[in-house]
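# Remarks on the overall topology
Listed below, chain by chain, are the residues.
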Amino acid sequence: MTEPARVFANHSYTMPRRLSQLVLGLSLFGFGIGLMLESGLGVPPWDVLHQGLAVRFGLTVGIWSIIVSGIVLLLWIPLGERIGVGTVANVLIIGVMIDAASAVIPDPGTTLIAWAMLLGGVLLIGVASGLYLGAHLGSGPRDGLMTGIARRGYSIRLTRTIIEIVVLAIGWALGGTFGWGTVIFALLVGPLVHFFLPRLTLDPVTDLDEAGEHIAN
């Protein structure tokens, strides 16, 4: 893509409209992770870490998601990143929804249903990312960490790759599930965000090349 794709939308969206889209997006994001988690076929890299921490030290995956988010936010201080409404919402809502989804989603029972849950979770995360990113109310903790480091002159894709490999390795060593779901998420979530973001954005201009690198979890 020689030039960033740009999408034009209505300027007049109110804060309640943005907040409602943010909350819906983050809620669906957490539910999507819950689907992947309950499928037993693998979860996104950061959630491999959260799951591994839950296996090794107790508490739930959702609570560890919140704790890790808080720790990552502390790293924003030296990076000079600014916390927005969406940042705080990201920390709380995704973690709560992961646990809520895990509590209500039944065991898949069969391999076919497990794969349906996995693929449905990835698709849901793609839609949810378009919703919450399209609200433009602040980046998530992990997004801010990656972009903050990238502003020091490093490639955002290289930065994201290194960070996610590290957290994936730690999570897997602790007992998290690294499986087909992890690989499928890595391959599909970027294209899904590129598809859904221009259809869900509330701002007049969005750089899709950059936004595709920002996935909340």
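Everything quoted here is computed from the prediction, not taken from an experiment.

In this model, the chain carries an average pLDDT of 87, and 88% of its residues clear a pLDDT of 70 or more. Overall, residues 1-11 carries pLDDT values under 50, and its contacts beyond four positions in sequence, including any with other chains, amount to 23 contacts. Note on residues 204-212: pLDDT under 50 across the span, and 32 contacts to partners over four residues away in sequence or across chains.

Another point: the nonpolar core. Leu22, Leu26, Met36, Trp46, Leu49 and Ile125 are the most contacted members of the largest nonpolar core, which has 47 residues in total. At the level of secondary structure, the elements contributing two or more residues to this core comprise helix H1 (15-39), helix H2 (45-57), helix H3 (61-79), helix H4 (85-104), helix H5 (111-135), helix H6 (141-150), helix H7 (156-174) and helix H8 (180-200). Examining the composition of this core, we find that 8 residues originate from one element, H5, more than from any other. Sequence-distant contacts of Leu49, that is, excluding residues within four places in its chain, are made with Val68, Val167, Ile170, Gly171 and Leu174. Core analysis: the second largest hydrophobic core is formed by 5 residues, Ala101, Ile105, Met117 and Leu124 among them.

Scanning the entire structure with this criterion turns up 2 salt bridges. With a shortest N-O distance of 2.3 Å, Arg151 and Glu81 are connected by a salt bridge. Highlighted residues: Arg151 in the loop between H6 and H7 and Glu81 in the loop between H3 and H4, separated in sequence by 70 residues. Residue class for Glu81 comes out buried when judged on its relative accessible area of 16%. Notably, a salt bridge pairs Glu164 with Arg160, separated by 3.2 Å at the nearest N-O pair. Of this pair, Glu164 and Arg160 are both found in helix H7, 4 residues apart, which corresponds to roughly one turn of the helix. Glu164 sits in the buried class, given a relative accessible area of 14%. Looking at Arg160, the relative accessible area reads 13%, which means it is buried.

Where H2 meets H7, the closest approach of the two axes is 7 Å, and the angle between their N-to-C directions is 25°. On the basis of their axis angle, the class for H2 and H7 is roughly parallel. Where H2 crosses over H7, the handedness of that crossing is left-handed. Between H2 and H7, the residues in contact are Pro45, Trp46, Val48, Leu49, Gly52, Leu53, Val55 and Arg56 and Ile163, Glu164, Val167, Leu168, Ile170, Gly171, Trp172, Ala173 and Leu174, respectively. Grouping the amino acids of the contact of H2 with H7 by side-chain chemistry returns 13 nonpolar, 2 polar and 2 charged.

Cut-offs used in this document
Per-chain numbering applies: the sequence of each chain, read as written, is numbered from 1 onward. Side-chain atom pairs in this predicted model are given and counted only at pLDDT of 80 or more, local residue features only at pLDDT of at least 70, and totals for whole chains, interfaces and linings cover all residues. Here the side-chain values reflect all heavy atoms present in the structure, with hydrogen atoms and water set aside. A residue's pLDDT is the predictor's confidence in that residue, given on a scale from 0 to 100. The contact rule is simple, with two residues in contact once any of their heavy atoms fall within 4.5 Å. By convention a nonpolar core is built from buried Ala, Val, Leu, Ile, Met, Phe, Trp, Tyr and Cys residues, the set being connected through side-chain atoms within 4.5 Å. Here's how the labels work: a residue is buried when its accessible area is under 20% of the maximum for its type, exposed when over 50%, partly exposed in between, all with a 1.4 Å probe on protein chains only. To qualify as a helix, a DSSP run of H or I must reach at least 4 residues; to qualify as a strand, a run of E must reach at least 2; elements of each kind are numbered from the N terminus. Definition used for salt bridges: Asp or Glu carboxyl oxygen within 4 Å of a side-chain nitrogen of Lys or Arg. A fitted line through C-alpha atoms serves as each axis, taken over the contacting stretch for helices, and the angle formed by two N-to-C directions is quoted from 0 to 180°. Relative orientations are named as follows: roughly parallel for angles under 35 degrees, roughly antiparallel for angles over 145 degrees, roughly perpendicular for angles from 65 to 115 degrees, and oblique for any other angle. Handedness of a crossing follows from how the near helix is turned relative to the far one, being left-handed for an anticlockwise turn of less than a right angle and right-handed for a clockwise one. Think of it as three bins: nonpolar holds Ala, Val, Leu, Ile, Met, Phe, Trp, Tyr, Cys and Pro, charged holds Asp, Glu, Lys and Arg, and polar takes everything else, Gly as well.

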